[in-house]
Amino acid sequence: LRAMGKKRSAAGGDAREDVEPKEKRKKSENSNFSDLSQERLFEREKELTREVRVMQDNLTRARRAAGGEGYGSNEVRQMNTKRLRSEYAHAEVRGEMERRKGAGLW
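Below is a short write-up of the structure.

Criteria and thresholds
Residues numbered from 1 in each chain as written. Predicted model: local features only at pLDDT ≥ 70, side-chain atom pairs only at ≥ 80, totals over all residues. Heavy atoms only, no water. Salt bridge = Lys/Arg side-chain N within 4 Å of Asp/Glu carboxyl O. Helix = DSSP H or I, 4+ residues; strand = E, 2+ residues; numbered from the N terminus. Buried < 20%, exposed > 50% of the residue type's maximum accessible area, 1.4 Å probe, protein only. Core = buried A, V, L, I, M, F, W, Y, C linked by side-chain atoms within 4.5 Å. Contact = heavy atoms within 4.5 Å.

On to the pattern of salt bridges. Applying the stated rule across the entire model yields seven salt bridges. In this structure, Glu 47 engages Arg 40 in a salt bridge whose closest nitrogen and oxygen atoms are separated by 3.1 Å. A salt bridge links Arg 100 to Glu 96; the shortest N-O distance between them is 2.9 Å. Of this pair, Arg 100 and Glu 96 both sit in helix α2 (residues 74-103), four residues apart, roughly one helical turn. Assigned by exposure class, Arg 100 and Glu 96 land together as buried.

See the structure below:
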């Protein structure tokens, strides 16, 4: 009788063992603002200010396009989540700037 199912090699190894895991990509630049230089922190604050404004504009357009059904729309919900992430990151950058000013590191 022959066994049914996936045929394994005589060595008994799995084919996936030979593949090396890919390097983890950095998800975002929001990870640690205390490590940024003063110039880069300033640039990042400007970038996030623009990003928050764009996200809010996109969210407003999506809500208008959805009509009265904005609460049930996945697109509106996703845009709101992106806007909130941008706002949180912006608040963290502003907090780091204030912390440095208060500590006399500015």
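Listed in full, the seven residues of the largest apolar core are Phe 33, Leu 36, Leu 41, Leu 48, Ala 89, Val 93 and Met 97. Broken down by secondary-structure element, the contributors of at least two residues to this core are α1 (38-66) and α2. When residues in this core are grouped by element, the largest group, three residues, is from α2. Contact partners of Leu 41, with chain neighbours within four places excluded, come to Phe 33, Leu 36, Val 93, Glu 96, Met 97, Arg 100 and Trp 106.

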